[in-house]
Amino acid sequence: MAAPVSAAAKGRRSRVDGSATTFYLLRHGQTVWNVEGRGQGRRDSPLTTLGVQQAQHHRQTLAALPLTRAYVSPMGRALTTARLALEGLGVPLTVLDDLAEVDMGKVAGLLPSERLARFPLLAEVRKRDKYRTVMPGGESYETASPRVARALQHIQEDGPGHVLIVSHEMIGRLLRMHLLGLTPEQAMTLRHPQDTIYRIEAGQLTMSVGGQPFQSHPPSPRP
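Residues numbered from 1 in each chain as written. Predicted model: local features only at pLDDT ≥ 70, side-chain atom pairs only at ≥ 80, totals over all residues. Heavy atoms only, no water.

Novice: Sorry if this is basic, but what is going on with the nonpolar core here?
Specialist: One broad rule of soluble globular proteins: the nonpolar side chains tend to lie buried together. Grouped together as the largest cluster of nonpolar side chains are 33 residues, with contacts concentrated most on Phe23, Ile165, Leu174 and Leu175. If you list the elements that add at least two residues to this core, you get strand S2 (21–27), helix H6 (141–157), strand S5 (161–167), helix H7 (169–180), strand S6 (196–201) and strand S7 (204–209). It is H7 that contributes the most residues to this core, seven residues altogether. Setting aside residues up to four positions removed in sequence, Leu175 forms contacts with Leu25, Leu99, Val148, Leu152, Ile165 and Ser167. Tyr24, Ala70, Val91 and Ile197 belong to the second largest nonpolar core, which has 19 residues in total. (Core = buried A, V, L, I, M, F, W, Y, C linked by side-chain atoms within 4.5 Å. Buried < 20%, exposed > 50% of the residue type's maximum accessible area, 1.4 Å probe, protein only. Helix = DSSP H or I, 4+ residues; strand = E, 2+ residues; numbered from the N terminus. Contact = heavy atoms within 4.5 Å.)

Right under this line is the structure:
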């Protein structure tokens, strides 16, 4: 695998036409702060043992895909995941700063109880308008959205192909919003489990859960 290189994502804010590109979206593996319930934003915590295993398990799925290149957030948890998942596959990996997680500002690193104590009104404000609420000292989804569009424009300008993007839960909502033409309200309801790879091809979403074949809906739990 080629060493990651830095690239500045440039372009205008627009809905990206991904018809010539197949996108695979992967969230970083489980981290220590995920387990503790701390928001991470632009801060980092290491992958847990399970998080490492998740990334390594994704390699089996990715090895069967005709990937032409990959892009990754500059955050350590995403970089580690991407390197583990792509190890030995020979897929060029590029770091895009615009894929960094939504900046949670002063909220990053806090437990839910600490967040409530320091910012008692934040939860209620976000409940009313999650998309536009700015985190204290950080970003909102709305202010992060243009850089996600820039990242997708950069990827599109690199040419068609089968492209992997390794990023985050919050930024992943914005990626699917732009690629699928969702409303902000629809995007805010989305989740990205860490054992799941989303595929977006010609505007259609399918998913691979736990290494299973891609399908339109998550597989039914086994009895």
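That covers the picture; the talk isn't over yet.
Novice: So what exactly am I meant to see when it comes to the layout of surface pockets here?
Specialist: It is the rolling of a water-molecule-sized probe over the atoms that shows where space remains empty. Its boundaries defined by the atoms lining it, the largest pocket holds a volume of some 430 Å³. Forming the boundary of the largest pocket are 22 residues, of which Gly39, Met104, Glu169, Met170 and Arg173 lie nearest the centre. Secondary-structure elements contributing two or more residues to the lining of the largest pocket are helix H1 (32–36) and H7. Ranked by residues supplied to the lining of the largest pocket, first place goes to H7 with three residues. Looking at the lining of the largest pocket residue by residue, the class counts come to five nonpolar, seven polar and 10 charged. (1 Å grid on protein atoms, 1.4 Å probe; cavity = no way out; pocket = protein on both sides within 12 Å on 5 of 7 lines; lining within 4 Å. Points joined across faces, edges and corners; volume = space filled by probe spheres on them. Nonpolar A, V, L, I, M, F, W, Y, C, P; charged D, E, K, R; others polar.)

Take it as geometry only, folks, not as evidence of what the structure does.
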